[in-house]
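# What the coordinates show
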Amino acid sequence: IKNQTGSIGVDCSLKIPNGTTVQMQNVQLTTRKLVIEAGESGETQSHLVLNKVRWSSSDGGLQITMQPNYSTLTIKDSQFDYPLSIGASIGVLDDDHQASIDVQTSQFTSKGKNSEGIQLVALGNANFSNNDFYLNSPEDIALILGQTCTLKNNSHANQRCHAL
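Structural notes, computed from the coordinates. None of these values were measured; they are calculated from a predicted model. (Residues numbered from 1 in each chain as written. Predicted model: local features only at pLDDT ≥ 70, side-chain atom pairs only at ≥ 80, totals over all residues. Heavy atoms only, no water.)

## Focus: the environment of Ile16
Applied cut-off: For helices the rule is a DSSP run of H or I covering at least 4 residues; for strands it is a run of E covering at least 2, with both sets numbered from the N terminus onward. Any residue under 20% of the maximum accessible area for its type is buried, any over 50% is exposed, and the rest in between are partly exposed; the area is computed with a 1.4 Å probe on protein chains only. Working rule for contacts: check all heavy atoms of both residues, and any pair within 4.5 Å makes them a contact.
Mapped onto the elements, Ile16 comes out in strand β2 (residues 12-16). On the basis of relative accessibility, which here comes to 3%, the residue Ile16 falls in the buried class. Here the alpha-carbon distance between Ile16 and Asn51, two residues 35 residues apart in the chain, equals 17 Å. With near-sequence residues (within four places) excluded, Ile16 lies in contact with Val22, Ile36, Glu37, Ala38, Gly39 and Leu48.

## Observations regarding the packing of aromatic side chains
Condition: Only rings of Phe, Tyr and Trp enter the pairing, Trp through its six-membered ring, and a pair is recorded when the two centres are within 6.5 Å. The plane angle decides the type: under 30 degrees is stacked, over 60 is edge-to-face, the rest tilted.
For the structure shown, the criterion picks out 4 aromatic pairs. A centroid spacing of 5.6 Å and a plane angle of 85° characterise the contact between Trp55 and Phe80, whose relative ring orientation is edge-to-face. Highlighted residues: Trp55 in strand β6 (residues 54-56) and Phe80 in strand β9 (residues 79-81), separated in sequence by 25 residues. Like Trp55, the residue Phe80 is buried in the burial classification.

## Considering the nonpolar core
To keep it simple, the criterion reads: Buried Ala, Val, Leu, Ile, Met, Phe, Trp, Tyr and Cys residues form a nonpolar core when they are joined through side-chain atoms within 4.5 Å.
Core analysis: the largest hydrophobic core is formed by 36 residues, its most contacted members being Leu48, Leu50, Trp55, Ile64, Leu73, Phe80 and Ile101. When residues of this core are assigned to their parent elements, the largest contribution, 5 residues, is made by strand β13 (residues 118-129). Those residues in contact with Trp55 that lie beyond four places of it in its chain are Met24, Val27, Leu29, Leu34, Ile36, Leu50, Leu62, Gln79, Phe80, Asp81 and Tyr82.

Set out below in structure tokens:
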């Protein structure tokens with residue numbers, strides 16, 4: 001999906017079949033709540049690549065869940081503004097920890113009155129470099145979990161990187 005702009009005034013769900021690669025480049029999307037899901041746990045792999053996307057909501061949250069083993073979420077040069085929460089969960093606990101998240105030069109904002117914050121989990125590698133995390137207060141934490149976890153040159157909110 002390339003060079004698209006859209007607005008959806010209701011909760012939105014996108015299901016990605018196992019073994020599929022979905023690439024979005026230069027996509028601007030406004031929704032209420034956005035949920036992206038990739039399949040069941042298994043040996044296949046799914047890939048979601050977001051490059052120069054700008055997604056937002058006036059009152060909802062963003063959740064990306066990819067369960068197949070070896071799944072990857074790659075985000076580059078993108079912006080996400082969801083007041084309720086921003087979350088990603090890549091892989092499942094019973095796999096061999098090969099799922100990964102790689103995020104570069106992107107911005108995550110979750111500053112709603114009842115924000116649940118930012119939580120990004122990869123049951124494999126979690127790599128974050130040159131990103132901005134905006135939350136309600138300096139005490140709020142952008143929680144990042146991975147089998148291995150690397151934070152480099154990220155700013156604004158406190159980030160906590162924990163190995164699983």
